Amino acid sequence: MLYTALIFGLISSLHCIGMCGPIAMMLPVDHANPTKKAIQIILYHLGRLTSYGILGLLFGLLGRGFYIAGIQQQLSIAVGVGMILLAIVPERVLARYNFSKPVYRLISQIKSSLGQQFKRKTPDALFTIGLFNGLLPCGLVYAALFGAIAMQNVTFGVAYMILYGLGTVPMMSAVVYASSLLSMPFRNKLQKAVPIITVIIGVLFVLRGMGLDIAYISPSNMNLFVQANANCN
């Protein structure tokens, strides 16, 4: 199921250009020096991937705990249902529930620190901007974290989130280079594909948990158990 992370990242990036695109557009990069600009963008992405890797580690540990408890298949179904709900429930409905309220102060500090980094053009500033960017609340990142939990393995949890991050790199880089071409109407059209792909990936996780003995998609109960053991050795 690791391949779904890269696909999900590629599709999520259509949403990212609307939510995080402004951050990428304002990056303090050197537009007069193409080589330096490319290095600065890479540093920004490395910061984002570091954040995603850390989150993957934490949620991979959580998934490992669920695996030890013997509920890996139920977890996979729950993750799939969670992804589907995030895709089909209108954003305005989710906005009524401030899921980040318990950590609101931390998020405010992240945003404040993020703003300060834009005043600098040093390599560590670009990396830090990416680091903080990766920690900002995002529904699709939450969905990816569901996937990291379902990996039931710390290493695969980290890999899932890094692959997800890599999937967002092409579009987020394009925002820096061609921001004038990405008008709001164009972004809105791209974002229409996001819920559809999210639902498809959610369905794949549900099928995986059901153990229908479909090769590569829904291993039988015994095969899933053996696969999970192999991943942990």
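Look a little higher up for the structure.
Below: a short report on this structure. (Residues numbered from 1 in each chain as written. Predicted model: local features only at pLDDT ≥ 70, side-chain atom pairs only at ≥ 80, totals over all residues. Heavy atoms only, no water.)

### Description of the overall build of the chain
- Secondary structure summary: the chain contains 12 helices and zero strands in total.
- Scored against the burial criterion, the 233 residues of the chain give a buried share of 43%.
- Of the roughly 11,900 Å² that the chain leaves accessible, carbon and sulfur atoms contribute 69%. (Helix = DSSP H or I, 4+ residues; strand = E, 2+ residues; numbered from the N terminus. Buried < 20%, exposed > 50% of the residue type's maximum accessible area, 1.4 Å probe, protein only. Areas by Shrake-Rupley, 256 points an atom, 1.4 Å probe, with all protein chains shown as cover.)

### Some points on the packing of aromatic side chains
- Scanning the entire structure with this criterion turns up three aromatic pairs.
- Among the aromatic residues, those joined into a cluster by ring pairs are Phe-8, Tyr-52 and Tyr-164. (Phe/Tyr/Trp six-rings, centres within 6.5 Å; stacked < 30°, edge-to-face > 60°.)

### Remarks on helix H4 (residues 72-88)
- Under the 1.5 Å per step criterion, the end-to-end length of H4 is 25 Å for 17 residues, consistent within 8% with the ideal 24 Å.
- Among all positions in H4, only Gln-72, Gln-73, Leu-75, Ser-76, Val-79, Gly-80, Gly-82, Met-83, Ile-84 and Ala-87 are buried. (Expected span 1.5 Å × (residues − 1).)

### Some details on a nonpolar patch on the surface
- Together, Ile-77, Val-81, Leu-85, Ile-88, Met-210 and Leu-212 make up a nonpolar patch on the protein surface, roughly 500 Å² of accessible area in all.
- Element by element, the count of residues in the nonpolar patch is highest for H4, at four residues.
- Considering the arrangement of structural elements, one finds Ile-77 in helix H4.
- Take Ile-77: its relative accessible area is 30%, and that puts it in the partly exposed class. (Patch = residues over 30% accessible without salt bridge, like charges linked within 9 Å, V, L, I, M, F, W, Y side chains within 5 Å. Salt bridge = Lys/Arg side-chain N within 4 Å of Asp/Glu carboxyl O.)

### Observations concerning the environment of Val-79
- Tracing the chain through its elements places Val-79 in helix H4.
- Sequence separation between Val-79 and Ile-149 is 70 residues, and the spatial gap between their C-alpha atoms is 8.0 Å.
- Setting aside anything within four residues of it in sequence, one finds Val-79 in contact with Phe-146, Gly-147, Ala-150 and Phe-205. (Contact = heavy atoms within 4.5 Å.)

### Quick notes on the packing of H4 against helix H8 (residues 139-150)
- Packing of H4 against H8 brings their axes to within 9 Å, and their N-to-C directions diverge by 170°. With respect to H8, the element H4 is oriented roughly antiparallel. In this structure, H4 uses Leu-75, Val-79, Gly-82, Met-83 and Leu-86 to contact H8, whose residues at the interface are Gly-139, Tyr-142, Ala-143, Phe-146, Gly-147, Ile-149 and Ala-150.
- A class-by-class count of the residues in the contact of H4 with H8 yields nine nonpolar, three polar and no charged. (Axes fitted to C-alpha atoms, helices over the stretch in contact; angles between N-to-C directions. Parallel < 35°, antiparallel > 145°, perpendicular 65-115°, else oblique. Nonpolar A, V, L, I, M, F, W, Y, C, P; charged D, E, K, R; others polar.)

### Quick word on the nonpolar core
- With 25 residues, the main nonpolar core has Phe-8, Met-83, Val-141, Met-161, Tyr-164 and Phe-205 as its most contacted residues.
- When residues of this core are traced back to their parent elements, those giving at least two are helix H1 (2-19), helix H3 (34-68), H4, H8, helix H9 (154-177) and helix H11 (193-210).
- Among the elements that make up this core, the one with the highest residue count is H8 (eight residues).
- Among residues more than four places away in sequence, those in contact with Met-161 are Tyr-52, Gly-56, Val-141, Ala-144, Leu-145 and Ala-148.
- In this structure, Leu-27, Ile-129, Met-172 and Val-176 belong to the second largest nonpolar core, which totals 12 residues. (Core = buried A, V, L, I, M, F, W, Y, C linked by side-chain atoms within 4.5 Å.)

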